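# Secondary and tertiary structure notes
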Amino acid sequence: MTSFNRSTSRRLKKLTQIPSIWEGDRRPLSSSQAQPRDAEESKGECILWVDGSQGIVRGMDVVSPSLGLEAIVRTLMRAMEHPHSPAKPARPQRIVVRDREIQFYLRGVLQDLDIAVDYVAELPLIDELFRSFADILDSQIPDLPPQYAQILNEQAFAVWEAAPWNFLEEQQILSIEINKWDVGTLYASVMGMLGMEYGILLYRSQDSLKRFRADVLQDEESIQGLEEAFLKQDCLFLTFDQVDENEDGDEDEDEDLADLPLSEIEPTFGNIHPLEGLRSVLYDEEALVMYVAIESLIRFIRDYRHQLYEEDFPTINRRYRISLPNPDEATKSVPVTVSTMPELAAELEEMAGLDISDEDEFDSPEFHTLRDDLIPEDSFLSLGVISWETLKSLRQEVNYYAGKEINQAGDGLPVILIQTSRPKAKTVIENIQAAGGLKAICFNPGANPLDGEQYDLGLLQTENGDLFLFGEFEDQDPIHIEARQKWNQRCHYTSGYCGLIIAKGLTGAARGNPQLKDMMALFEARSLSSQDLGLGILQLMPQLEIE
């Protein structure tokens, strides 16, 4: 058996021994109202040492159930040497416990301290304290009403798997008309396209939404101003965070939540109001409103996912009838109307200065011809991104660099990579230079009237007005759809700037993955939409064979 070393025993014996009887016990902390997510937290055990004569708690610790009986002794030592106020340092004449194993263990450990250790069937003072603890735990308001907790969490994970932030930007607002529980219309803003915070804000009014955007733009450099603007919002929210399993603090702060497995994602529901502040708790009516809003949003995303992927925010309106969980006799379902709000989205974009089209420069571009003789046919092509740190190094390393003043937001600069042989790469660079440099990178719809196939055409526009075809992508290719969506997201956060990298090493070990030393040129340019180009659908014209 482990015992005190002699110096510790001598130190403890110097404490004044008072004619008191101390009660000691170790019991699990639990609440009858604990929700599943709180179950792990409620598995701790509480160690209490109470002076029964004076009716005061001298020491208390909450420990893991896996800790041995030594934990009881450690708390007892603190109760003697460093007790809770108003108690003074002392050692008791007698200790009583209700557990035989604890009694025998303490007898052996405390044998040199002249403290009697006895067994009793009941500990009245500690029993009363633990009853009070249980009452406090039971009186705590759960994060979600128990009758809605499971279904709301299931909804949250359905939202996570649907990932609406892959195709909806924060300013692309969806209205959700409910007209129930004193709620008229909610305005849903989806967070996550930047890969920083994921969730859905359900504003109770357009005024609150616009006011928050305006306040953030005004105080974007002030932490205090941002916090004040945040707390002035009037909305319900669903956000996602990483389950806090890393107690040693080794988590990667730069890790994107979307890259984590579902088991590491934790949803949080809550409310923000200017007079109430933030609370991560929903009451019954709020839970019902949240359920109806999220359920209708999930259905709308499922029904119109393809249309919402389009570059232009479409006008869509759909009515649903949402059956209520645990309905009362009067209301079993609620009619809900979900609509896109393109005009509000345009207003918010204008407010934030996100309209990247330059009317003077791009609305009516004049070009001499559409050519396909710039990029070699056997080139490796990819749409991707380079980090801001890599961009800084690349600007210094490449043989030819044409740069812009770029807003460094998001995860990096969106780039088109063209990899070919060194001689061909040199020719491409020289041809772009001869045309005055690169002006813009564009994507435009194309079609083959012979087979009905639809394409997404990648185009490079040079300063002299020429357009060069650099790639033909099948319109329904899911890989390209995802790549284009990420391209649009990144260009959005760089205020429309992107880049073209020309690299060598097509036939070597660096094929498909060129390193900095393989990159020969970087052209920074603007990203244009098909609307900016104004070309309509480009059709492949069949060649006539003349005999």
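Whatever comes next refers back to the structure up there.
Residues numbered from 1 in each chain as written. Predicted model: local features only at pLDDT ≥ 70, side-chain atom pairs only at ≥ 80, totals over all residues. Heavy atoms only, no water.

### Let's talk about the sheet that holds strand S5 (residues 116-119)
Within a sheet, neighbouring strands are paired by backbone hydrogen bonds and run either parallel or antiparallel to one another. Within the open sheet, the five strands sit side by side as S3-S2-S1-S4-S5. Their pairing is mixed. Whereas interior strands pair on both sides, the edge strands pair on one side only; in this sheet they are strand S3 (56-63) and S5. Across this sheet, the average inter-strand angle for adjacent strands is 20°, counted without regard to direction. (Pairing = 2+ DSSP bridges. Helix = DSSP H or I, 4+ residues; strand = E, 2+ residues; numbered from the N terminus. Axes fitted to C-alpha atoms, helices over the stretch in contact; angles between N-to-C directions.)

### Observations concerning the pairing of strand S17 (residues 413-419)
With seven of seven residues buried, S17 lies mostly within the body of the structure. Side chains Leu413, Val415, Leu417 and Gln419 of S17 all project onto a buried face; the interleaved residues Pro414, Ile416 and Ile418 project onto the opposite face, where all are buried too. As paired elements, S17 and strand S21 (residues 497-503) share five bridges and run parallel to each other. Looking across to S21, one finds that Val415 is bridged to Gly499. (Buried < 20%, exposed > 50% of the residue type's maximum accessible area, 1.4 Å probe, protein only.)

### Focus: the sheet that holds strand S9 (residues 235-242)
Taken in spatial order, the eight strands make up an open sheet running S11-S10-S9-S8-S7-S6-S13-S12, and their pairing is antiparallel. Only two strands of the sheet have a single partner each, and these edge strands are strand S11 (277-279) and strand S12 (317-323). Each strand of the sheet is rotated relative to its neighbour by a mean of 25°, with strand direction disregarded. Across four bridges, strand S6 (residues 174-180) lies against strand S13 (residues 333-340) in antiparallel orientation. Within S13, the position partnered with Leu174 by the bridge is Thr340. Here helix H8 (residues 284-308) sits on the sheet and contacts S6, strand S7 (183-191), strand S8 (198-203), S9, strand S10 (265-273), S11, S12 and S13; the angle it forms with S12, its principal contact strand, is near 140°. (Contact = heavy atoms within 4.5 Å.)

### Brief notes about the pattern of salt bridges
In this structure the tally under the stated criterion is 25 salt bridges. We note a salt bridge from Asp118 to Arg94, for which the minimum N-O separation is 2.7 Å. Here the residue Asp118 occupies a position in strand S5, and Arg94 occupies one in strand S4 (residues 91-97), the gap between them amounting to 24 residues. With relative accessibility at 23%, the residue Asp118 sits in the partly exposed group. Between Lys517 and Asp518 there is a salt bridge, with its nearest N and O atoms 3.5 Å apart. On the basis of relative accessibility, which here comes to 63%, the residue Lys517 falls in the exposed class. Each of Asp25, Arg27, Arg98 and Asp127 takes part in one network of salt bridges that share partners. (Salt bridge = Lys/Arg side-chain N within 4 Å of Asp/Glu carboxyl O.)

So far we have only geometry, and geometry alone does not tell us how the molecule works.
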